[in-house]
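Structure at a glance
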Amino acid sequence: MKVKNIVIAGLGGQGVLKASDILADAAFRAGFDVKKSELHGMSQRGGSVSSDVRYGECVLSPMVPPGEADVLVVLEPTQVEINRPTLRADGILIGPDAIAPDALKNKKSLNVALLGAISTVLDIPDEHWMAAMHANLAEKLHALNEQAFEIGRDAARARS
Amino acid sequence: MTGERLLLSGDDAVALAALHAGVRLGTGYPGTPSTEILETFDQLGGHAQWSPNEKVALEVGLGSAFAGARTIVTMKHVGLNVAADPLFTAAYTDLVGGLIVVSADDPGMASSQNEQDNRHYARAAALPMLEPTDSQQAYDFTWLGFEISERWKIPVILRLTTRVCHAKTVVRPRPALQTPPEPGFRRDVPARVMIPAYAKPAHLRLRQKLAEITAWNETEGPHQLTAGDARLGIVATGIAAVHAREAAPEASQLTVGLTYPLPLERIRAFAEGVERLVVIEEGDPVLVESLRAAGIPAEGKPEMYRFGELNVARVRRILASDTSPEAVPPKGKPPELCQGCSHRGVFETLRDLNCIVSGDIGCYTLGVLPPFSAMDTCVCMGASIGVGLGMRHVLPEEQARRVVSVIGDSTFVHSGITGLAEMVYNPPPTGHVVLILDNGTTAMTGQQEHPGTGRLLDHSPTGKISFEALAESMGVQNVHVVDSQKIETLRELVIDLLARNETSLVVTRQPCVLAAPKIRFYEKANAEQRATETCAADVVD
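Residues numbered from 1 in each chain as written. Chains lettered and ligands numbered in written order. Predicted model: local features only at pLDDT ≥ 70, side-chain atom pairs only at ≥ 80, totals over all residues.

Turning our eyes to something else, we now look at the nonpolar core. Counting 147 residues, the largest nonpolar core has Leu114 of chain A together with Val102 and Val235 of chain B as its most contacted members. In terms of residue count, the dominant contributor to this core is helix H1 (residues 16–29) of chain A (9 residues). Counting contributing residues per domain, this core is built from domain 1 (6–220) and domain 2 (224–319) of chain B, each supplying no fewer than three. Apart from residues lying up to four places away in sequence, Val102 of chain B is in contact with Val14, Ser34, Ile37, Ile72, Val73, Thr74, Met75, Leu158 and Leu160 of chain B. Ranked by size, the runner-up nonpolar core spans 48 residues in total, among them Val357, Phe372, Val413 and Val482 of chain B. (Core = buried A, V, L, I, M, F, W, Y, C linked by C-beta atoms within 7 Å. Buried ≥ 20, exposed ≤ 12 C-beta atoms within 10 Å, placed from the backbone. Helix = DSSP H or I, 4+ residues; strand = E, 2+ residues; numbered from the N terminus. Domains from an automatic or database assignment. Contact = placed C-beta atoms within 7 Å.)

Structure, rendered in structure tokens:
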């Protein structure tokens, strides 16, 4: 199987790394070889953050080469253009506008809602998404995020 | 444990291997990208400690290894500069317990002041160096490092880089060691007391150890040979090896795992079997120069690829000898001091007073950026005080009087105390003003404890250094503590101190806005713990 390349981008504090942790874990639970990479440190002080997740039968480099992302997920409108060069010419861009502004009870769950949206284009079974969410989020946040995931998934299905 | 499959960062993989290999003590100083190793080791149940700085961490680790315990010492690349003094002579000694020194390099400077290549240290100190490509190798090489260290009684450097430290990849761990060696003291003066009479034979012993390790590395070293097209042969190390495999999947590749001392004959044999030999390495041309010095005809990378990280696209360009200008990636939003950060008011004050600010390493280095633009120098941990004093000594009085040194609390403990000694000992004619921006944590690296917080790595209570009492005892003439939020008080104080020809220390204190809730939580838990212990003591009485 060809390696799937996903890049998740946004600003520090938006949950970019949490989202990529959940995605990588879901792919891992589905039995794929997985590599996930990003830069920590300065990026945590409100600056631009992006995280690369790659999965398939055998992943080599942990970084998505420029122009080879199959899916680009962006949590913040200002970060779309600076991350666009990472996307393949026929790649899928999922921006924050994929979710209606008032659809989420808590705006902080936008990261998980966008995972719901990309779940419709990735070959990872639902059970692994749920298990990965539970493993990476505090228990009191499970219900809220499950709901956000479904809202994102339904929004993506309605569009396609 | 066997058969288990985990998704781990390189740092976490090293921590897990340290636990499984029976490490009794982990020491270090926080520094991106190495910090998580000791934090994870602690969370897994290991004994991990933050030291005041890397030099002390390595000295504590060396003592532990002399006493027979497997020991790991962690730091970022520039931390090894601080620890270099013990490192070079530790190489002459005979260890009992295995000692791994982790150097986490930061090519591309994601969060560092330089991108020095610590492979030079292996050669300079004559110590074996292991370079994993992913988390599985980080795990395996930690085990192997202890085996090499104990077999040859020598410290081993485990060199990681940012992408190995922080990338999560799949790891299959092995069963934990059931009976790690028991510590115990055995006197061995010639092996551990490095006076010239003992150090001269020790240097010969070190070279003999390296010769034996080289022979072992040639036949049994942890290298990976990927058979492929004989027209292109690649020799690679570390993270660059996986970029190369992806950039040229058809090529023959030799990935070298123990990179010092090199298995030169093995590489020579590989070179003889390929038409074109290219070395793919991140950073300085360390490997390619070693091969050429040994008479192995190898192609390196054009100079432009010395700078920054490598990736698949850059390796493709290297293989194509492409030196055309690279596309500049769009600039993202730069980081900034958090809203509500206690450093903000301090930098606004220094900016408004037109101070010449000698800065230091930490979150507060962001004071250099707008809207503050209030920092004029930043070089290394602790340098703010010495550099500030140097400027004060030679600048014309009007300018000298505007110089202040700004240093964080953790950085002050790390290497600012000796700067304060310098200020008391060699005061400039206009005196000097040092500000410790005390936010109660090592904020930049993710809020680690230090000797000024009164809490250990696991946040339980311990002794606490008072900066103001320390400064007074050292003989600093004016010592003040102000609340960082009380800007007007701070402003008046700084104006007053700048006008005096005296030495001054101002501690501006207010917890880091991100750490404050956690600090309150730890302090409450520790107070409750103390109360319980007091009650128990009362009952016994």
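Having seen the structure, we can now continue with the description.
Another point: helix H1 (residues 10–20) of chain B. For H1 of chain B, the buried fraction is high: 10 of the 11 residues fall into the buried class. Among all positions in H1 of chain B, only Gly10, Asp11, Asp12, Ala13, Val14, Ala15, Leu16, Ala17, Ala18 and Leu19 of chain B are buried.

Taken together, the 7 strands give an open sheet; going across it, the order is E5(A)-E4(A)-E1(A)-E3(A)-E2(A)-E8(B)-E1(B), and neighbouring strands pair in mixed fashion. The sheet terminates laterally at strand E5 (87–94) of chain A together with strand E1 (6–9) of chain B, the two strands that pair on one side only. The sheet shows a mean angle of 25° between the axes of neighbouring strands, direction not considered. This element, helix H7 (residues 135–152) of chain B, spans E1 and strand E8 (168–171) of chain B of the sheet and lies at about 60° to E8 of chain B. (Pairing = 2+ DSSP bridges. Axes fitted to C-alpha atoms, helices over the stretch in contact; angles between N-to-C directions.)

Our focus in this paragraph is the interface of chain B and chain A. Interface size is commonly expressed as the accessible surface area that is lost when the partners come together. Of the residues lining the interface, 29 residues belong to chain B; the matching set on chain A comes to 29 residues. A total of 4 residues in the side of chain B that touches chain A trace back to one element, the largest contributor, which is helix H11 (residues 238–247) of chain B.

Right, let's talk about the sheet that holds strand E7 (residues 156–161) of chain B for a bit. All names here are of chain B. As summarised here, the arrangement of the 7 strands in space is E3-E2-E4-E5-E7-E6-E12, forming an open sheet in which the pairing is mixed. Strands at the two margins of the open sheet, each flanked by one partner only, are strand E3 (48–50) and strand E12 (258–260). Relative to strand E4 (residues 71–76), strand E2 (residues 25–28) is paired through 4 bridges, and the arrangement is parallel. Its bridge partner being in E4, Leu25 is matched across the sheet by Thr71.

On to the domain arrangement of chain B, then. Domain parsing of chain B yields domain 1 (6–220), domain 2 (224–319) and domain 3 (343–515). Look at where the C-alpha atoms of domain 2 of chain B and domain 3 of chain B centre, and you get two points 46 Å apart.

To continue, consider the packing of helix H4 (residues 126–136) of chain A against helix H5 (residues 142–159) of chain A. Residues and elements named next belong to chain A. At a closest axis distance of 10 Å, the pairing of H4 and H5 adopts a crossing angle of 145°. The chirality of how H4 crosses H5 is right-handed. In this structure, H4 uses Trp129, Met133 and His134 to contact H5, whose residues at the interface are His142, Asn145, Glu146 and Phe149. (Left-handed = near helix turned anticlockwise from the far one by under 90°.)

Residue and element names in this part refer to chain B. For E7, the buried fraction is high: 6 of the 6 residues fall into the buried class. Here E7 shows two buried faces, one formed by Val156, Leu158 and Leu160 and the other by Ile157, Arg159 and Thr161. Two strands pair when backbone bridges link them, and strand E5 (residues 99–105) and E7 are joined in this way by 6 bridges, in the parallel orientation. Residue pairing across strands places Val102 opposite Leu158, the latter belonging to E7. Regarding topology, H7 serves as the crossover connection from strand E6 (residues 129–130) to the parallel E7, and that connection is right-handed. (Right-handed = clockwise from strand over helix to strand, strands pointing away.)

A word on the confidence of the model for chain B. Model confidence for chain B is summarised by a mean pLDDT of 96, while 99% of its residues fall at 70 or above. The complex model carries a pTM of 0.96, and its ipTM stands at 0.96. (pLDDT = per-residue confidence, 0-100.)

Residue and element names in this part refer to chain A. In this model, H1 (14 residues) spans 20 Å end to end at C-alpha, consistent with the 20 Å of a helix rising 1.5 Å per residue. For H1, the buried fraction is high: 13 of the 14 residues fall into the buried class. Positive backbone phi, at 95°, marks Gly31, one or two positions downstream of H1. (Expected span 1.5 Å × (residues − 1).)

Residue and element names in this part refer to chain B. Two elements in contact, H11 and helix H14 (residues 312–319), have axes separated by 8 Å at closest approach and are oriented at 70°. If you check the angle between H11 and H14, you find them roughly perpendicular. By crossing handedness, the relation of H11 to H14 is classed as right-handed. Facing His243, Ala244, Glu246 and Ala247 of H11, the residues of H14 in contact are Val312, Val315, Arg316 and Leu319. Grouping the amino acids of the contact of H11 with H14 by side-chain chemistry returns 5 nonpolar, 1 polar and 2 charged. (Parallel < 35°, antiparallel > 145°, perpendicular 65-115°, else oblique. Nonpolar A, V, L, I, M, F, W, Y, C, P; charged D, E, K, R; others polar.)

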